[in-house]
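# Summary of structural features
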Amino acid sequence: MTTSIKALDIVALGEAMVEFNQTKNQPVDALPMYLQGFGGDTSNAAIAAARAGARVAYLSRLGTDRWGDRLMDLWQRENVDTTAVVRDAQAPTGMYFVSHDAQGHHFSYARAGSAASRMQVQDVAQHWGEAIAQSQWLHLSGISLAISASACDAAFAAMRHARTAGTQVALDSNLRLSLWPLDRAQACMRHAVSLCDLFLPSMEDMTALTGLTQAQDIIGWSHAQGAAQVVLKLGADGALASDGHQQRLVPGHAVQAVDATGAGDCFAGNLLARLSCGQSLWDATAYANVAASLSVQGYGAVAPLPQREAVLKVLSSAKAPQA
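In this report, we go over the structure that sits alongside the text. In this text, all values refer to a predicted model and were calculated from it rather than measured experimentally.

### Overview of the overall build of the chain
Along the chain, the regular secondary structure elements total 11 helices and 15 strands. On the principal axes, the C-alpha backbone points of the chain span a range of 55 × 45 × 40 Å. Within the chain, the proportion of its 323 residues that are buried is 55%. Counting contacts in the chain only where the partners sit at least 6 residues apart, residues at least 24 apart contribute 70% of the total. Total accessible area on the chain is roughly 13700 Å²; 52% of this is exposed by carbon and sulfur atoms. Separation between the mean location of the 22 positive side-chain charges and that of the 27 negative ones in the chain comes to 4 Å.

As structure tokens, this is what we get:
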């Protein structure tokens, strides 16, 4: 943890999107109806961190359309600073549609050529550098790297700027092979892990990226690339956390899940919020496990993200460590 005083706890960089989720229990022959919501992994994490009490800002590009306006309104309602969000009149805000059938839920994306995909290296110096330097943590994900070559370059530039400024870097693997070929994903993710202080992989992502199937091997690979701290997400089983000297399996919090959308983003945002206020890696992971377990008890990516008081109540009843 850096000892300098920072104006922000977390800045998150990536792609935010507007969601259209098909309503369930419609007649078979009826035209589909959709509920409008919001998504985007690092945006979800930013909101989760803000609800946990952290001082948060978001870095991205949005269109100047009504959907971009709605995302700006969302962040402002959620106390996420939007000062450094760039409005791009030449490109639309990305969106996606969620449909449902007997096989589960399916995603259709309208993000090609979106404003976020037009993020570029110059944005770091022109728009984002000050916010990054003023924050304890910069948070990115594999999706931040994958949406375009220029966005990937911008993400790397932001990570390098953070390290120069004494800002720690957190990276969530969030691998989406529909966005880029495996060989490019492997090369870019390996480089990104070398630039991060905290890596947040999942078993599924790491098996696809590295072929490794054992938790210990994945932890070892992550440290070997340069990540000082690693928290391997294990779903309902909790998380395996490592600071490079010791490892601890932090148990999950058992609940009846109804929708896991955004659970990993909730975990990341809450983990960083607790690290920002000085909690140990182990206690912060325990807190994030509980927050994620609360988020899967509601529908959607944003609405179920818990407030700090709800997480502390569960921790208190379980006599778990808390601040």
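### Quick notes on the packing of helix H3 (residues 122–133) against helix H5 (residues 149–165)
The geometry of H3 relative to H5 is characterised by a closest axis approach of 10 Å and an angle of 40° between their N-to-C directions. Classed by the angle they form, the pair H3 and H5 counts as oblique. Considering only the axes of H3 and H5, their crossing is right-handed. Residues Val124, Trp128, Gly129, Ile132 and Ala133 of H3 touch H5, and the partners they reach there are Ala154, Ala157, Ala158, His161, Ala162 and Ala165. Tallied by class, residues from the contact of H3 with H5 come to 9 nonpolar, 2 polar and no charged.

### A few points about the layout of surface pockets
There is about 1200 Å³ of room inside the largest pocket. The wall of the largest pocket is formed by 49 residues, among which Arg176, Ala260, Gly262, Ala263 and Gly264 lie closest to the centre. Put simply, the parts of the chain that give the lining of the largest pocket at least two residues each are strand S2 (17–22), helix H1 (41–51), strand S9 (104–110), helix H7 (203–210), helix H9 (263–276) and helix H10 (281–295). Residues of the lining of the largest pocket, tallied by class, amount to 21 nonpolar, 17 polar and 11 charged.

### Looking at the sheet that holds strand S12 (residues 198–200)
Ordered in space as S6-S4-S1-S10-S11-S12-S13-S14-S15, the 9 strands form an open sheet in which the pairing is mixed. Each end of this open sheet is capped by a strand with a single partner; those strands are strand S6 (80–81) and strand S15 (247–250). Across the face of the sheet, H10 comes into contact with S12, strand S13 (229–233), strand S14 (239–242) and S15 while running at roughly 160° to S14.

### Focus: the packing of aromatic side chains
Counted according to the given criterion, the structure contains 5 aromatic pairs. Ring centres of Phe20 and Trp67 lie 5.3 Å apart, and the angle between their planes is 90°; this geometry places the pair in the edge-to-face category. A residue pair is termed long-range when its members are at least 10 positions apart, and Phe20 in strand S2 and Trp67 in helix H2 (residues 66–77) qualify at 47 residues. Summarising the aromatic geometry, the rings of Tyr34 and Phe97 are spaced 5.7 Å apart at their centres and angled 80° between planes, so their arrangement reads as edge-to-face. Taken together, the residues span a long stretch of sequence, with Tyr34 in strand S3 (residues 34–39) and Phe97 in strand S8 (residues 95–101) at a distance of 63 residues. Residue Phe97 is classed as partly exposed on the basis of its relative accessible area of 31%. Following the ring pairs from residue to residue traces out a cluster consisting of Phe20, Tyr34, Trp67 and Phe97.

### What to know about the pairing of strand S1 (residues 8–13)
With 6 of its 6 residues buried, S1 lies for the most part within the structure. Bridge count for S1 against strand S10 (residues 135–141) is 4 bridges, and the pairing is parallel. Bridge assignment links Val11 to a residue of S10, and that residue is Leu138. Of the pairings in the sheet, the one linking S1 to strand S4 (residues 56–59) comprises 4 bridges and is parallel in character.

### Looking at helix H11 (residues 308–317)
Because an α-helix packs 3.6 residues into every turn, residues spaced three or four apart end up facing the same way. Taken together, the buried positions of H11 are occupied by Val311, Leu312, Val314 and Leu315. Projected down its long axis, H11 carries its buried residues within an arc of 160°, all on one side. Summarising the geometry of H11, the exposed residues directed more than 90 degrees from the buried face are Glu309, Lys313 and Ser317. Residues of H11 that are buried make contact with H10.

### What to know about the nonpolar core
Judged by nonpolar contacts, the single largest core of 53 residues is most densely connected at Leu71, Trp75, Val80, Leu198, Val231, Leu271 and Leu275. Ranked by the residues each element gives to this core, the list is headed by H10, at 8 residues. The contacts of Val80, once residues within four sequence positions are left out, are Ala46, Ile47, Ala50, Val56, Ala57, Tyr58 and Trp75. Judged by nonpolar contacts, the second largest core, of 49 residues, contains Leu145, Phe199, Met206 and Leu209.

### Comments concerning unusual backbone geometry
Negative phi is the rule for most residues except glycine; trans is the rule for most peptide bonds. The backbone phi angle of Asn79 is positive, close to 65°, even though this residue is not glycine. In this fold, Asn79 is placed in the loop between H2 and S6. Residues other than glycine seldom take positive phi values, yet Asn174 does so here, at roughly 30°. Within the element layout of this structure, Asn174 appears in the loop between strand S11 (168–172) and helix H6 (182–194).

What counts and what doesn't
- Residues numbered from 1 in each chain as written.
- Predicted model: local features only at pLDDT ≥ 70, side-chain atom pairs only at ≥ 80, totals over all residues.
- Heavy atoms only, no water.
- Helix = DSSP H or I, 4+ residues; strand = E, 2+ residues; numbered from the N terminus.
- Buried < 20%, exposed > 50% of the residue type's maximum accessible area, 1.4 Å probe, protein only.
- Contact = heavy atoms within 4.5 Å.
- Areas by Shrake-Rupley, 256 points an atom, 1.4 Å probe, with all protein chains shown as cover.
- Lys, Arg positive; Asp, Glu negative; His and termini not counted.
- Charge placed at Lys NZ, Arg CZ, Asp CG, Glu CD.
- Axes fitted to C-alpha atoms, helices over the stretch in contact; angles between N-to-C directions.
- Parallel < 35°, antiparallel > 145°, perpendicular 65-115°, else oblique.
- Left-handed = near helix turned anticlockwise from the far one by under 90°.
- Nonpolar A, V, L, I, M, F, W, Y, C, P; charged D, E, K, R; others polar.
- 1 Å grid on protein atoms, 1.4 Å probe; cavity = no way out; pocket = protein on both sides within 12 Å on 5 of 7 lines; lining within 4 Å.
- Points joined across faces, edges and corners; volume = space filled by probe spheres on them.
- Pairing = 2+ DSSP bridges.
- Phe/Tyr/Trp six-rings, centres within 6.5 Å; stacked < 30°, edge-to-face > 60°.
- Arc of directions from axis to C-beta.
- Core = buried A, V, L, I, M, F, W, Y, C linked by side-chain atoms within 4.5 Å.

These figures come from the coordinates and say nothing about function on their own.
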